Amino acid sequence: MGAVGLQTHIWANNTRSILLLVAFPVLMVAILYGVQLILMGLGYLPGTGRGLGDDMALAASWLGWTVPTALVIAGIWFAIAYFGNQAMIDAFTGARKVERRTQPELYNLLENLAISRGLRTPTLRIIETDSLNAFATGLHEGRYSVTVTRGLLNTLTRDELEAVLAHELTHVINKDVRTMVIASIFAGIISVIAELVFRGLVYSRGGRRDNKNAMPLILIGLAFAVIGFVLAFVIRMMLSRTREFVADAGAVELTKNPDAMISALRKIEGRSSIKGPDEVQQLFLDNQPDGVGLEGLFASHPPIQKRIDALVKFGGGRDPGPWQGDGLSEYETSTPVTG
């Protein structure tokens, strides 16, 4: 993939990411408008006493002050998330920071990759779990971090682990790790708004005012809220899916070893499950749904087989098939990195 225009993939991915992120404020306005219609229908906000169109126009006129208020609230949340996003992620996943003295070989692998691209070495973190996964986080230079699981260290060879670290470092290089963190923050705001609306509907008994357009207003408001929430979910899926192919290609470009990336993905396949909020799981190297009834429909990442197919086709790699995990496989050209 690197040989046929990796930079083009990066530009296309970044352009798509910017366009999709611009959609989040638009969705927030749509959801806010829907909330206002619902509150009007429930009697908590005054109606015009006339037709449905007049009530909807009145709700639209309120956006002049409710949108700025919502943006201020969103800005406060964004500031909190900006400065505390890593602490939140660590709390959700159980990740802990490690130093060179405790994981010298792992640290050296990441440092060498970072030096090769003139980057400051990201902070290293480890999650004590047998699952095989990794992810990068951070919003700017000096705050980037790469997290790997203990299972990954105990299972992958040196070359495979280097490929995984290169994959995560590519997210940093391409700045799409920043895009995903920001998207997760926006999506978190929308999720909170949606949850408050639905909880309010469940427990609400209505206001004191009588509005003959109550039911249509509630239904239209719900439509706006549901559409906004679903589109926010879809945007996150699109961002996460597109970036993984590019990061796989970037790993090959950094290591010049497509076979290592393929074999790492084969070992990770079916062994990557880590508990955590959806917003955090979007960042993982792999995040496949437990069910297979509607394959890929709700997956935040492309199937590993498709990623391997792309590496074979564009990166010149070789796919030896699913890893069985029974003793030394043909992947084992060096010993696992266990620290």
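Quick notes on the rules
Residues numbered from 1 in each chain as written. Predicted model: local features only at pLDDT ≥ 70, side-chain atom pairs only at ≥ 80, totals over all residues. Heavy atoms only, no water. Helix = DSSP H or I, 4+ residues; strand = E, 2+ residues; numbered from the N terminus. Expected span 1.5 Å × (residues − 1). Buried < 20%, exposed > 50% of the residue type's maximum accessible area, 1.4 Å probe, protein only. 1 Å grid on protein atoms, 1.4 Å probe; cavity = no way out; pocket = protein on both sides within 12 Å on 5 of 7 lines; lining within 4 Å. Points joined across faces, edges and corners; volume = space filled by probe spheres on them. Nonpolar A, V, L, I, M, F, W, Y, C, P; charged D, E, K, R; others polar. Axes fitted to C-alpha atoms, helices over the stretch in contact; angles between N-to-C directions. Parallel < 35°, antiparallel > 145°, perpendicular 65-115°, else oblique. Left-handed = near helix turned anticlockwise from the far one by under 90°. Contact = heavy atoms within 4.5 Å. Core = buried A, V, L, I, M, F, W, Y, C linked by side-chain atoms within 4.5 Å. Patch = residues over 30% accessible without salt bridge, like charges linked within 9 Å, V, L, I, M, F, W, Y side chains within 5 Å. Areas by Shrake-Rupley, 256 points an atom, 1.4 Å probe, with all protein chains shown as cover. Salt bridge = Lys/Arg side-chain N within 4 Å of Asp/Glu carboxyl O. Phe/Tyr/Trp six-rings, centres within 6.5 Å; stacked < 30°, edge-to-face > 60°. Pairing = 2+ DSSP bridges.

Asks: Where do I start with helix α5 (residues 158-173) in this structure?
Replies: Since the α-helix packs 3.6 residues into each turn, any two residues three or four apart lie on the same face. With 16 residues, α5 extends 22 Å between its outermost C-alpha atoms, agreeing within 8% with the 22 Å of an ideal straight helix rising 1.5 Å per residue. For α5, the buried fraction is high: 12 of the 16 residues fall into the buried class. Buried within α5 we find E160, L161, A163, V164, L165, A166, H167, E168, L169, T170, H171 and V172. After α5 finishes, the residue K175 shows a positive phi value of roughly 65°.

Asks: Any chance you could explain empty space enclosed by the protein here in plain terms?
Replies: Regions of empty space are outlined by a rolling probe, equal in size to a water molecule, passed over the atoms. For the structure on display, the rule yields one cavity of 30 Å³ or more. By volume, the largest cavity is sized at about 40 Å³. For the lining of the largest cavity, the residue count by class is two nonpolar, four polar and one charged.

Asks: Quick question: what am I supposed to make of the packing of helix α3 (residues 104-116) against α5 here?
Replies: The geometry of a pair of packed helices is captured by two quantities: the angle between their axes and the separation between those axes. Taken N-terminus to C-terminus, the directions of α3 and α5 make an angle of 50°; their axes are 10 Å apart at the nearest point. On the basis of the axis angle, α3 is oblique to α5. As for the relative orientation of α3 and α5, their crossing is right-handed in sense. Touching E105, L106, L109, L110, L113 and A114 of α3 are R158, L161, E162, L165, A166 and L169, all from α5.

Asks: Please explain the nonpolar core as it appears in this structure.
Replies: Most often, soluble globular proteins keep nonpolar side chains buried together rather than apart. Core analysis: the biggest nonpolar cluster contains 39 residues, and L106, V148, L152, L161, V164 and L165 have the highest contact counts within it. Looking at which element gives the most residues to this core, the answer is α5, with seven residues. Counting residues in each nonpolar core, the second largest holds 27 residues, with F24, A81, I189 and I235 among its members.

Asks: Would you mind showing me how to read a nonpolar patch on the surface here?
Replies: A cluster of nonpolar residues, V72, I76, W77 and I80, forms a patch on the protein surface that exposes about 380 Å² of accessible area. Position of W77 relative to the elements: it lies in helix α2 (residues 52-93). Residue W77 is classed as partly exposed on the basis of its relative accessible area of 33%.

Asks: I'm lost on the environment of F24 in this one. Help?
Replies: Locating F24 in the fold gives a position in helix α1 (residues 6-42). According to the relative accessible area criterion, F24 is buried, its value standing at 0%.

Asks: Would you mind showing me how to read the environment of W11 here?
Replies: Its place among the elements puts W11 in helix α1. Spatially, the C-alpha atoms of W11 and N174 are 8.9 Å apart, while their sequence positions differ by 163 residues.

Asks: It is not clear to me how the packing of aromatic side chains should be interpreted in this structure. Could you clarify?
Replies: In this description, an aromatic ring pair is defined by two values, namely the gap between the centres and the angle between the planes. All told, the structure shown has two aromatic pairs when counted by the stated rule. A ring pair is formed by Y33 and F224, whose centres lie 5.1 Å apart and whose planes are at 90°; its orientation type is edge-to-face. With a gap of 191 residues between them, Y33 in helix α1 and F224 in helix α7 (residues 214-255) connect regions that are remote in the sequence. A relative accessible area of 12% means that Y33 is categorised as buried.

Asks: What exactly am I supposed to notice about the pattern of salt bridges here?
Replies: Side-chain pairs of opposite charge can arise where the charged atoms are in close proximity. Inspection of every chain in the model, using the stated rule, returns 12 salt bridges. In this structure, E105 and R158 form a salt bridge, with 3.8 Å as the shortest nitrogen-oxygen distance. One end of the pair, E105, is in helix α3; the other, R158, is in helix α5, and 53 residues separate them in sequence. Look at R158 and you get partly exposed, because its relative accessible area is 33%.

Asks: Sorry if this is basic, but what is going on with the packing of α5 against helix α8 (residues 258-268) here?
Replies: Relative to each other, α5 and α8 sit at 90°, their axes nearing to 8 Å. Put simply, α5 runs roughly perpendicular to α8. Here α5 contributes D159, E160, A163, V164 and H167 to the contact with α8, which in turn contributes A260, M261, S263, A264, K267 and I268. Of the residues contributing to the contact of α5 with α8, the split by class is six nonpolar, two polar and three charged.

Asks: What's the story with the sheet that holds strand β2 (residues 123-127) in this structure? I'm lost.
Replies: Each strand in a sheet pairs with another by means of backbone hydrogen bonds, the pair being arranged parallel or else antiparallel. Across the sheet, four strands lie side by side as β1-β2-β4-β3; this open sheet has mixed pairing. Sheet topology places β1 (96-98) and β3 (134-137) at the edges, where each strand pairs with a single neighbour. For this sheet, the mean inter-axis angle between neighbouring strands, taken without regard to orientation, is 30°. Strand direction decides the pairing type here: β1 and β2, joined by three bridges, are antiparallel. Counted as the bridge partner of R96 is I126 from β2. Together, β2, β3 and β4 (145-149) form the strand contacts of α2, whose direction differs from that of β3 by roughly 160°. α5 rests against β3 and β4 of the sheet, and its axis sits at about 25° to β3.

Asks: Would you take a moment to explain the pairing of β4 for this structure?
Replies: Remember that side chains alternate between the two faces of the sheet whenever the strand is regular. Of all five residues in β4, five are buried, a share of seventy percent or more. Covered by surrounding structure in β4 are S145, T147 and T149 together with V146 and V148, the residues of both alternating faces. As judged from the five bridges shared by β2 and β4, these two strands associate in the parallel manner. Bridged to I126 within β4 is V148. Where β3 meets β4, four bridges bridge the pair, whose relative direction is antiparallel. Looking at β4, one finds that F135 is bridged to T147.

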